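# Results of the structural survey
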Amino acid sequence: MVERAPYLTTRLQGFGATIFAEMSALAVRTGAINLGQGFPDTDGPPEVLQAAVDAIGGGRNQYPPGIGIPELRHAVSAHQERFYDLSYDPDSEVLITAGATEAIASALLSLCEVGDEVVCFEPYYDSYAAGIAMAGAVRRPVLLRGPDSSYVPEELEAAIGPRTRLILLNSPHNPTGKVYSRTELEHVAELAIRHDLLVVTDEVYEHIVYEGEHVPLATLPGMRDRTVTISSGGKTFSTTGWKIGWVCATPELVTAVRTSKQFLTYVSGGPFQYAIAEGLNLGDDYFRSLADGLRERRDRLSAGLADAGFDVWNSAGTYFVTTHLAPMGELDGVAFCWSLPERCGVVAVPSVVFYDSKDVGRPLVRFACCKRPEVIAEAAERLATLRSNG
Ligand code: PMP
Ligand code: GLN
């Protein structure tokens with residue numbers, strides 16, 4: 001029987017410490033290469049870093065406006081226009097948040113009644129389950145299956161019922177690296193319209209696409225006004241510690257999301273908001289080179305993992321590559337990940353933590369490719385020793 005955590009409310013039982021914190025602590029403790037938590041080991045563009053320094057030196061150190069500084073709201077709006085032809089009024093349709101994490105939590109807290117159902121695809125990013133639980137809502141996961149992470153359309157249709165309030169969709173997708181196709185998104189859109197549902201989209205990896213194209217759901221016909229689009233600067237500018245995120249949606253939806261957001265943090269990261277505005281205004285080249293640089297690393301890591309004997313799933317985007325342990329003669333990703341630092345000096349994340357269907361997730365392990373090429377090469381060499389050392 002699972003032990004009850006003392007003091008903790010019933011709805012948060014079972015959430016414990018995040019797997020990312022646990023695995024990063026394991027990496028520090030053992031000195032292993034950390035391919036667990038998804039953060040880059042190099043800094044973002046120098047002009048973006050300098051803009052943060054300048055903002056601090058220039059006295060931008062008090063509360064920014066509750067909805068975010070105008071420079072950043074305008075930059076978010078211009079970014080949506082430049083890349084996706086989506087038009088959002090920077091004063092009423094953009095909200096700056098403490099990372100995508102707060103945007104997702106605020107959206108769930110503001111939009112769901114207790115007992116409402118949230119349809120999401122599993123595996124799902126860990127904060128979704130916690131955010132849904134905090135809102136007193138119920139998650140209805142739809143399984144992404146196998147190496148291509150496709151879902152069965154009828155299963156999505158069956159997951160939608162009278163209590164469904166919204167669909168929560170993440171593309172490019174952590175942990176699988178799936179980039180939803182236009183056809184899949186059209187299906188999601190058709191269902192949202194037919195059942196009059198909202199959709200919350202998590203697009204934090206929007207600029208990390210290796211194959212295919214990132215299609216924001218809000219660009220599909222009929223979807224702009226029922227979609228809460230969420231993204232953040234952490235991945236796009238290699239500044240995951242800054243936690244500057246944003247929401248784009250109709251004024252009514254933004255106002256709703258802001259209502260809970262303002263009582264979670266009110267505001268955050270004043271000087272970093274100036275810096276992310278600078279980043280969003282960088283030329284197209286920057287955004288292209290980000291994906292190009294990471295594609296090479298994905299390739300090196302995927303090849304290294306295949307050489308080491310893993311069954312490697314193709315990753316079309318994000319920081320991550322998923323592997324199946326079966327060819328290694330192992331079936332338990334949790335035991336594997338806890339023993340990996342000792343066996344070969346590498347840390348990875350057991351994907352089972354992202355699943356409700358534990359049997360499906362158990363043999364899967366996620367590796368992060370957002371590290372310097374020499375670090376990935378060293379990790380690959382270490383992983384290759386698994387074959388000889390057993
Ligand atoms: N969504 C996904 C899919 C993620 O991988 C992450 C991790 N960065 C987040 C949301 C959280 O983003 P942020 O750091 O901006 O809160
Ligand atoms: N998004 C990062 C990952 O998936 C982790 C962020 C966090 O630690 N909360 O690895």
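Our subject is the structure listed above.
To start, this report covers the structure provided alongside it. (Residues numbered from 1 in each chain as written. Chains lettered and ligands numbered in written order. Predicted model: local features only at pLDDT ≥ 70, side-chain atom pairs only at ≥ 80, totals over all residues. Heavy atoms only, no water.)

### Brief notes about the overall build of the chain
The secondary structure content of the chain amounts to 14 helices and 13 strands. In terms of C-alpha radius of gyration, the chain reaches 20 Å, essentially the compact-globule figure of 21 Å for 390 residues. Seen through its principal axes, the chain has C-alpha atoms that stretch 60 × 50 × 45 Å. With the model as given, the accessible surface of the chain reaches about 15,900 Å², and the carbon-plus-sulfur share is 53%. Looking at charge distribution, the chain has the averaged site of its 33 positive side-chain charges lying 4 Å from that of its 49 negative ones. (Helix = DSSP H or I, 4+ residues; strand = E, 2+ residues; numbered from the N terminus. Rg over C-alpha atoms; globule rule 2.2 N^0.38 Å. Areas by Shrake-Rupley, 256 points an atom, 1.4 Å probe, with all protein chains shown as cover. Lys, Arg positive; Asp, Glu negative; His and termini not counted. Charge placed at Lys NZ, Arg CZ, Asp CG, Glu CD.)

### Notes on the sheet that holds strand β6 (residues 198–202)
Ordered in space as β2-β8-β7-β6-β5-β3-β4, the seven strands form an open sheet in which the pairing is mixed. Only two strands of the sheet have a single neighbouring strand rather than two, namely β2 (94–98) and β4 (138–143). Each neighbouring strand pair of the sheet contributes to a mean axis angle of 25°, computed without reference to strand direction. Bridging between strand β7 (residues 227–232) and strand β8 (residues 244–248) involves four bridges; their strand directions are antiparallel. (Pairing = 2+ DSSP bridges. Axes fitted to C-alpha atoms, helices over the stretch in contact; angles between N-to-C directions.)

### Quick word on the site of ligand 2
Surveying the vicinity of ligand 2 reveals the residues Phe20, Gln37, Gly38, Tyr125, Asn174, Tyr205, Phe320 and Arg366. Surface burial for ligand 2 is 79%, taken as the share of its 300 Å² of free accessible area covered by protein chains. In terms of residue class, the shell around ligand 2 is made up of four nonpolar, three polar and one charged. (Near = heavy atom within 4 Å. Nonpolar A, V, L, I, M, F, W, Y, C, P; charged D, E, K, R; others polar.)

### Concerning unusual backbone geometry
Outside of glycine, negative phi angles account for most residues, and trans bonds account for most peptide bonds. Note the cis peptide between Glu122 and Pro123, where omega equals 5°. As for its position among the elements, Pro123 is in the loop between β3 (117–122) and α5 (126–134). At the junction of Ser171 and Pro172, the peptide bond is cis and its omega measures out at -15° in the coordinates. Relative to the helices and strands, Pro172 is located in the loop between β5 (164–170) and α7 (182–194). Positive phi, close to 55°, is recorded for Asp196, a residue that is not glycine. Phi is positive for Thr318, close to 75°, though the residue is something other than glycine. Among the secondary structure elements, Thr318 is positioned in the loop between β9 (311–312) and β10 (320–324). Take Thr318: its relative accessible area is 0%, and that puts it in the buried class. (Buried < 20%, exposed > 50% of the residue type's maximum accessible area, 1.4 Å probe, protein only.)

### Concerning the environment of Val188
Looking at where Val188 falls in the secondary structure, it is placed in helix α7. If near-sequence neighbours (up to four positions away) are discounted, Val188 is found in contact with Phe121, Tyr151, Leu156, Ile167, Leu169 and Leu217. (Contact = heavy atoms within 4.5 Å.)

### Quick notes on a nonpolar patch on the surface
A grouping of Leu109, Met134 and Leu264 is seen on the molecular surface, where their side chains present a nonpolar patch of about 240 Å² in accessible area. Counting through the fold element by element, Leu264 comes out in helix α9 (residues 251–264). Take Leu264: its relative accessible area is 46%, and that puts it in the partly exposed class. (Patch = residues over 30% accessible without salt bridge, like charges linked within 9 Å, V, L, I, M, F, W, Y side chains within 5 Å. Salt bridge = Lys/Arg side-chain N within 4 Å of Asp/Glu carboxyl O.)

### Observations concerning the sheet that holds strand β12 (residues 349–350)
Strands sit in the order β9-β10-β13-β12 across an open sheet of four strands; the sheet is antiparallel. The two strands at the open ends of the sheet, each matched to only one other strand, are β9 and β12. Sheet topology note: the β12/strand β13 (residues 364–368) ladder contains two bridges and is antiparallel. Bridging across to β13, Pro350 finds its partner in Val365. In this fold helix α11 (residues 284–307) packs onto β9, β10 and β13, with an angle of close to 15° to the strand it touches most, β10. Packed onto the sheet, helix α12 (residues 333–344) meets β12 and β13 and runs at close to 40° relative to β13.

### Considering the packing of aromatic side chains
Using the criterion set out here, one finds 17 aromatic pairs in the structure. Pairing Phe121 with Tyr151 gives two aromatic rings, centres 5.1 Å apart and planes at 50°, and the pair type is tilted. Remark: Tyr151 occurs in the loop between β4 and α6 (153–159) and Phe121 occurs in strand β3; sequence separation between them is 30 residues. Like Tyr151, Phe121 is buried. Taken together, the ring pairs connect Phe83, Tyr84, Phe237, Tyr286 and Phe287 into an aromatic cluster. In this structure, Lys178 packs its charged tip against the face of Tyr180, placed 4.7 Å from the ring centre. (Phe/Tyr/Trp six-rings, centres within 6.5 Å; stacked < 30°, edge-to-face > 60°. Lys NZ or Arg CZ within 6 Å of the ring centre and 35° of its normal.)

### Details of the site of ligand 1
Close to ligand 1 lie Gly99, Ala100, Thr101, Tyr125, Asn170, Asn174, Asp202, Val204, Tyr205, Ser232, Lys235 and Lys243, which account for all nearby residues. Within the side chain of Asn174, one N or O atom sits 2.8 Å away from an oxygen atom of ligand 1. Here an oxygen atom of ligand 1 sits 2.7 Å away from a polar atom, N or O, in the side chain of Lys243. For the shell around ligand 1, the leading source of residues is helix α4 (residues 99–111), giving three residues. Of the residues belonging to the shell around ligand 1, the class tally is four nonpolar, five polar and three charged. (Polar contact = N/O pair within 3.5 Å; in protein donor to acceptor, adjacent residues only side chain to side chain.)

### Regarding the packing of helix α1 (residues 19–30) against α12
Where α1 contacts α12, the two axes come as close as 10 Å, and the packing angle between them is 20°. With respect to α12, the axis of α1 lies roughly parallel. You can see that α1 and α12 cross each other, and the crossing is right-handed. The residues of α12 that touch α1, namely those facing Glu22, Met23, Leu26, Arg29 and Thr30, are Cys337, Trp338 and Pro341. (Parallel < 35°, antiparallel > 145°, perpendicular 65-115°, else oblique. Left-handed = near helix turned anticlockwise from the far one by under 90°.)

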